[in-house]
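Working through the structure, step by step
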Amino acid sequence: ASWCFDSKINEFDPDAANVGPKHVIEVKGRPGSFFNGFLIDVNHNGIVESVQDVSGTFDSITGLFTALPNAMRLPPATYILTDPSFTGGVGTDLNTVTGLNDFVTVCDAIGIPNSTATESELYGEKLGGTDFSDPGFTPELIFRDSINDELYAIKDFDNVTSVVR
């Protein structure tokens, strides 16, 4: 959507237990633009578990800014970046037309399963984003390639042994 200034989730850690009390999410968008919206976590049952404000100005050169949401649920989950027009809240059910209609403008959505059984229970593709296939592990880091925007999941940040697209 044009309002999103080409904004996408660029990098985040869905398993930040070893990082500290806050997660870090990096958002990519139009350099110099201001972004204001929400980071939304949806569980594999389609229920919104958290809605957090995310705002910042994209760096004039890199087109990135970082935000510190309080929590992000572990996979299986779908992580959604929206503009401020989101009208739902915690408990919104994406399995209903009303729940899906609460997402007026979705800037990006990434679904991460924790098994092959939960691959079909993600909402990234339904909202215009991406759903991963089961990587066989809980990723320590999800990131986008800076050239082609492909998404990658890394198993072990300190000893990169598994990368999955």
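Residues numbered from 1 in each chain as written. Predicted model: local features only at pLDDT ≥ 70, side-chain atom pairs only at ≥ 80, totals over all residues. Heavy atoms only, no water.

Of regular secondary structure, the chain possesses one helix and 11 strands. Per-residue burial over the chain gives 46% buried out of 165 residues. Of the contacts made within the chain by residues no fewer than 6 positions apart, 57% connect residues no fewer than 24 positions apart. If you sum the accessible surface of the chain, you get close to 7,800 Å²; carbon and sulfur atoms cover 49% of it. (Helix = DSSP H or I, 4+ residues; strand = E, 2+ residues; numbered from the N terminus. Buried < 20%, exposed > 50% of the residue type's maximum accessible area, 1.4 Å probe, protein only. Contact = heavy atoms within 4.5 Å. Areas by Shrake-Rupley, 256 points an atom, 1.4 Å probe, with all protein chains shown as cover.)

It is worth spelling out the pairing of strand β7 (residues 106-112) at this point. Of all seven residues in β7, seven are buried, a share of seventy percent or more. In terms of strand pairing, strand β6 (residues 77-82) meets β7 through six bridges, oriented antiparallel. Looking at β7, one finds that Thr78 is bridged to Gly111. Where β7 lies against strand β8 (residues 130-131), two bridges are found, and the strand directions are parallel. By the bridge assignment, Ile110 is partnered in β8 with Thr130. (Pairing = 2+ DSSP bridges.)

So, about the packing of aromatic side chains. One pass over the structure, following the stated rule, counts seven aromatic pairs. With a centroid separation of 5.4 Å and an interplanar angle of 20°, the aromatic rings of Phe143 and Tyr152 are classed as stacked. Residue Phe143 is classed as partly exposed on the basis of its relative accessible area, which comes to 23%. The class of Tyr152 is buried, set by a relative accessible area of 14%. An aromatic cluster is built from Phe35, Phe58 and Phe65, whose rings are joined through pairwise contacts. Positioned above the aromatic ring of Tyr123, the side-chain terminus of Lys126 is 4.4 Å from the ring centre. (Phe/Tyr/Trp six-rings, centres within 6.5 Å; stacked < 30°, edge-to-face > 60°. Lys NZ or Arg CZ within 6 Å of the ring centre and 35° of its normal.)

This next bit is on the side chain of Thr82. Its place among the elements puts Thr82 in strand β6. In this structure Thr82 comes out as buried when scored by relative accessible area, which is 1%. In contact with Thr82, other than residues within four places in its own chain, are Phe35, Gly37, Phe38, Ile40, Phe103, Thr105 and Cys107.

A word on the sheet that holds β8. An order of β4-β3-β6-β7-β8 is seen for the five strands of this open sheet, with the pairing classed as mixed. Two strands bound the open sheet, and with one partner strand each, they are β4 (48-57) and β8. Two strands pair when backbone bridges link them, and strand β3 (residues 34-43) and β4 are joined in this way by nine bridges, in the antiparallel orientation. Note that in β4 the partner of Phe34 across the bridge is Thr57.

The next subject is the nonpolar core. The nonpolar side chains of a soluble globular protein tend to be buried with one another. If you look at the biggest cluster of nonpolar residues, it comprises 23 residues, and the most contacted ones within it are Ile9, Phe12, Phe65, Tyr79, Ile110, Phe132 and Ile142. Among the elements of the structure, β1 (8-12), β2 (25-28), β3, β5 (64-67), β6, β7 and β10 (151-154) are those that each provide at least two residues to this core. Ile110 has contacts with Ile9, Phe12, Ala77, Thr78, Tyr79, Gly124, Thr130, Phe132, Arg144 and Leu151, leaving out every residue within four places of it along the chain. (Core = buried A, V, L, I, M, F, W, Y, C linked by side-chain atoms within 4.5 Å.)

For the peptide bond that leads from Pro75 to Pro76, omega is 10°, which places it in the cis range. The residue Asp149 is not glycine, and still its phi comes out positive at about 65°. Structurally, the position occupied by Asp149 is in the loop between β9 (141-144) and β10.

This next bit is on the environment of Met72. As for its position among the elements, Met72 is in the loop between β5 and β6. Here the alpha-carbon distance between Met72 and Ile40, two residues 32 residues apart in the chain, equals 8.6 Å. If near-sequence neighbours (up to four positions away) are discounted, Met72 is found in contact with Phe12, Pro14, His23, Leu39, Asp41 and Tyr79.

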